[in-house]
Amino acid sequence: MKEHAHSPAQALFRRLFVINALVFAAGTLVLALSPATVSSPVLLAEIPVLAIGLALILAANALLVRASLAPLTALTSLMQRVDLLHNRDRLREDGNGDLASVVTTFNQMLDRLEEERASASAHALAAQEAERGRIARELHDEIGQSLTVALLGLKRTRDRAPAELTAELEHTQEAIRASLDEVRQVARRLRPGVLEDLGLHSALTALATDLSQTGSVHVTRSLASVPPLAADVELVLYRIAQESLTNVARHSGAATAALTLAVVEDGEVVLRVTDDGRGGVREHGAGIRGMHERALLIGARLGIHSPPGGGTRITLTVPGTAKEPTA
């Protein structure tokens, strides 16, 4: 028959009981072997001896109990700092005696919470990507086509219009053409078709080129060839690069930015976006939290270094296990 394991409460009770029993047994043994005697009634000269003995017993008991409960102190500290966006923060389970079950249970709870958080984030981000794709298709197929039809109709009207209306019609044509370009750019940002058709390298190149062409930030790029990656890994790399560069253009006040993609030792893929802006990025913003959630989906590490006045460096490190398995 399998032995029934002690519950955490029983284990803690047993630990404290054993400590106190050992301390009192040691005190009783010392009293029995020592030449000290206690009169009845207690003499005044014997009170200091009793006080010293009691103080030693209490001190020994306090030290042993404090050392025994040290894992609970570490557990409390972990509870206060735990953040499901920064995973794998765990307590060591060895060396804790019968309190190891408490530590093990807490670590298992964190594992379940992180798995549930990752699963919920995966479903939410998948729904978000699907909605982005739907909106992008509607922009491209419906609004884009409607603007194209209006542009062609306006061209025919301009060809038959009197000369005094030609300049005004040409100006209207250019406004519609600019609107059509903006609709196409929004559709590309919502659904990176170039990522699906041409791959990560081309998608990141187009991303950096588009931002440079706006004239607000000059983006340099250094994109190394990477091994085949799973589709969700490529999408996370692209979205984090997109969010980072968008933040550079909108909030950093930077003049230049750099986008790099490299493969380092152990096959890790490293994406890095740096800028020369004002820095001081706060990690609790919605955009930063979204990047952390995306990184968790593929088991990647996201690091943000942003000292005030020193620019910002965002680094995403994807482990080698995120590679797409070969056939």
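For the structure, see preceding data.
Structural notes, computed from the coordinates. (Residues numbered from 1 in each chain as written. Predicted model: local features only at pLDDT ≥ 70, side-chain atom pairs only at ≥ 80, totals over all residues. Heavy atoms only, no water.)

## What about the overall build of the chain?
A tally of regular secondary structure across the chain gives nine helices and five strands. Pairs at least 24 residues apart make up 67% of the contacts formed inside the chain by residues separated by at least 6 positions. Roughly 20,100 Å² of accessible area belongs to the chain as shown, and the carbon and sulfur atoms make up 60% of that amount. (Helix = DSSP H or I, 4+ residues; strand = E, 2+ residues; numbered from the N terminus. Contact = heavy atoms within 4.5 Å. Areas by Shrake-Rupley, 256 points an atom, 1.4 Å probe, with all protein chains shown as cover.)

## With respect to the pairing of strand E3 (residues 269-275)
For E3, the tally of buried residues reaches five of seven residues, placing the bulk of the element in the interior. Summarising the sheet, strand E2 (residues 256-263) and E3 pair through seven bridges and their orientation is antiparallel. Looking at E3, one finds that Ala262 is bridged to Val270. Taken together, E2 and the strand that follows it, E3, pair antiparallel across an intervening segment of five residues, in which Asp266 is found at a positive phi of about 65°. Bridge count between E3 and strand E5 (residues 312-318): seven bridges; the pairing is antiparallel. Considered in E5, the bridge of Thr274 is made with Arg313. (Buried < 20%, exposed > 50% of the residue type's maximum accessible area, 1.4 Å probe, protein only. Pairing = 2+ DSSP bridges.)

## A closer look at the pattern of salt bridges
The tally for this structure, following the rule as stated, stands at five salt bridges. For Arg301, the salt bridge identified is with Glu268, shortest N-O distance 3.6 Å. You can see Arg301 sitting in strand E4 (residues 301-305) and its partner Glu268 sitting in the loop between E2 and E3, a full 33 residues away along the chain. When salt bridges with common partners are traced through the structure, they connect Lys155, Arg158, Asp159 and Glu170 into a single cluster. (Salt bridge = Lys/Arg side-chain N within 4 Å of Asp/Glu carboxyl O.)

## Comments concerning the sheet that holds E3
Across the sheet, which stays open at both edges, the five strands sit in the order E1-E2-E3-E5-E4 with mixed pairing between neighbours. The strands lining the two open edges of the sheet, one partner per strand, are strand E1 (218-223) and E4. Across the sheet, the mean angle from the axis of one strand to that of its neighbour is 10°, orientation sign disregarded. The strands touched by helix H8 (residues 231-252) are E1, E2, E3, E4 and E5; relative to E3, the strand with the most contacts, the crossing angle is about 5°. Strands in contact with helix H9 (residues 286-297) are E4 and E5; relative to E4, the strand with the most contacts, it is inclined by about 150°. (Axes fitted to C-alpha atoms, helices over the stretch in contact; angles between N-to-C directions.)

## So, the packing of H8 against H9
With their axes 10 Å apart at the nearest point, H8 and H9 run at an angle of 165° to one another. As the angle between them shows, H8 and H9 are arranged roughly antiparallel. Like other packed secondary-structure pairs, H8 and H9 cross with a definite hand, here left-handed. The residues of H9 that touch H8, namely those facing Val236, Arg239, Ile240, Glu243, Ser244 and Asn247, are Gly287, Met291, Arg294 and Ala295. The residue inventory of the contact of H8 with H9, partitioned by class, reads four nonpolar, three polar and three charged. (Parallel < 35°, antiparallel > 145°, perpendicular 65-115°, else oblique. Left-handed = near helix turned anticlockwise from the far one by under 90°. Nonpolar A, V, L, I, M, F, W, Y, C, P; charged D, E, K, R; others polar.)

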